[in-house]
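# Secondary and tertiary structure notes
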Amino acid sequence: MYSNKVTLIGFLGNDAEVRTNNDRSLTTLSLATKSSYKKDGNLACGFTNPSVR
């Protein structure tokens, strides 16, 4: 079996949601990063929704 390691750095947006189906589990969370961009002339923060199995 292969194993991957990922380090996510940021601020947790909401509580992580864990779902289980048979013998598998899936975790969904919202992560705010320090990356920013301009949207309509205003500074906006980047959000991402990674899914972890």
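Residues numbered from 1 in each chain as written. Predicted model: local features only at pLDDT ≥ 70, side-chain atom pairs only at ≥ 80, totals over all residues. Heavy atoms only, no water.

On to the overall build of the protein chain, then. Across its full length, the protein chain carries zero helices and six strands. Starting at the N terminus, the α and β elements of the protein chain follow one another as β-β-β-β-β-β. By residue count, 13% of the 53 residues in the protein chain fall in the buried class. For the protein chain, the proportion of contacts with a sequence separation of at least 24, taken over those separated by at least 6, is 15%. (Helix = DSSP H or I, 4+ residues; strand = E, 2+ residues; numbered from the N terminus. Buried < 20%, exposed > 50% of the residue type's maximum accessible area, 1.4 Å probe, protein only. Contact = heavy atoms within 4.5 Å.)

With five bridges joining them, strand β2 (residues 17-21) and strand β3 (residues 24-28) adopt antiparallel strand pairing. What sits directly across from Arg19, in β3, is Leu26. Once β2 ends, the chain turns through two residues before running back antiparallel as β3, passing Asn22 with a positive phi of about 60°. (Pairing = 2+ DSSP bridges.)

Glancing now at unusual backbone geometry. With a phi angle near 60°, Asn22 is a residue other than glycine that sits in the positive phi range. Within the secondary structure, Asn22 is located in the loop between β2 and β3. You can call Asn22 exposed: its relative accessible area is 72%.

Within the protein chain, residue pLDDT values average 76, and 74% of them lie at 70 or more. Within the protein chain, β2 carries the highest mean pLDDT (88), whereas strand β6 (residues 51-52) carries the lowest (56). (pLDDT = per-residue confidence, 0-100.)

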